Amino acid sequence: MQKSDSDGVGKSQQSLVFFDLETTGLNQSCEIVQLAAVSGSHSLNLYVIPRCRMQRGAARVTGFRVRRQRLYLHRQLVLTNSLREVLVSFIAFLQMLRGPLVIGHNIRRFDCPLLARALDELDLRAEFESAVSGCVDTLPLAREMLKDRGLQSFRQENLVRELLGVSYKAHDALEDVRALQALFSVLQPTPELICRHRFTLDTMENKPAVKAAKSKVPCKPPEQRTLWENFRQTGKKEDKATS
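Residues numbered from 1 in each chain as written. Predicted model: local features only at pLDDT ≥ 70, side-chain atom pairs only at ≥ 80, totals over all residues. Heavy atoms only, no water.

As annotated in an unreviewed UniProt entry, the chain is exodeoxyribonuclease III from Perca fluviatilis. UniProt, in its Sequence similarities (unreviewed entry) section for the chain, records the words "Belongs to the exonuclease superfamily. TREX family." The UniProt entry for the chain carries the following comment under Catalytic activity (unreviewed entry): "Exonucleolytic cleavage in the 3'- to 5'-direction to yield nucleoside 5'-phosphates." (UniProt positions renumbered as here; feature names shortened; annotations may be inferred.)

Okay, here's the thing in structure tokens:
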């Protein structure tokens, strides 16, 4: 079973976990293929062989293919775990971080409902919910924060390009969460704004609150500028390598 490279986190601040899924398609009946999470320098990246076919569009965008019960990413064989092992590892990662906020882009409408379905199927939902402080979707959060910027798209890769000035390999869950962590450190939303967009698996179908709710959860991420600078330097190196 694959392991994360996590070995501990600081105790002084609310932990933030940036999370993303790659799936067999874009509908609510699709299945998880990749789950990635990052918190500071600690990361988790796991793959699972789905039980349903990869949709052509998803395979083209992500590079995943399943052949003879083996998973390939851009024609390279990748190691996989069972869905239960992936979810148990994710929960262990969250537990190590002591009640973090789980943050992702468009997760309220897509990733979290899929995650909830998988957790329910394997009777792991209670363990997940007890391990986190809640979830935050950066899509509506960015729309609120950047409504006067005149942006034509609030897709994550567009926001990263506009605000960080770099491009990255989107539709790879690990690269997506690393980019989102850097983006979030530049956005620097206030604790009140974060708490207004906070939800749980039980409340994710409700509309976000209009007024900020009172909360004791401090939401400022650690080492924000360092995270952004590290990601930007990585993006520059990738741009040079592909030019």
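(A) Region of interest: the state of the cysteines. Counting across every chain of the model gives zero disulfides. Cys30 supplies the cysteine sulfur nearest to Cys52, a cysteine that is in no disulfide, at a spacing of 7.1 Å. Relative accessible area serves as the criterion here: at 28%, Cys52 is assigned to the partly exposed category. (Disulfide = S-S within 2.5 Å. Buried < 20%, exposed > 50% of the residue type's maximum accessible area, 1.4 Å probe, protein only.)

(B) Summary view of the packing of helix α2 (residues 83-96) against helix α3 (residues 107-121). Following both chains from N to C, one finds α2 and α3 inclined at 110°, their axes separated by 11 Å at the closest point. Accordingly, the angle class assigned to the pair α2 and α3 is roughly perpendicular. Taken together, the residues of α3 that come into contact with α2 (itself represented by Leu83, Leu87, Phe90 and Ile91) are Leu115, Ala118 and Leu119. (Axes fitted to C-alpha atoms, helices over the stretch in contact; angles between N-to-C directions. Helix = DSSP H or I, 4+ residues; strand = E, 2+ residues; numbered from the N terminus. Parallel < 35°, antiparallel > 145°, perpendicular 65-115°, else oblique. Contact = heavy atoms within 4.5 Å.)

(C) Representation of the pattern of salt bridges within the structure. Scanning the model with the defined rule gives eight salt bridges in all. The partner of Glu121 in a salt bridge is Arg51, with the nearest N and O atoms 2.7 Å apart. One end of the pair, Glu121, is in helix α3; the other, Arg51, is in the loop between β3 (42-47) and α1 (56-62), and 70 residues separate them in sequence. Glu121 gets classed as partly exposed once you look at its relative accessible area, which sits at 42%. Among the residues examined, Arg51 registers a relative accessible area of 57% and is labelled exposed. One salt bridge in this structure joins Arg125 and Asp120, with 3.0 Å as the shortest N-O distance. Classification of Arg125 as buried rests on a relative accessible area of 18%. One salt-bridge network, held together by shared partners, links Asp120, Arg125, Glu129 and Asp202. (Salt bridge = Lys/Arg side-chain N within 4 Å of Asp/Glu carboxyl O.)

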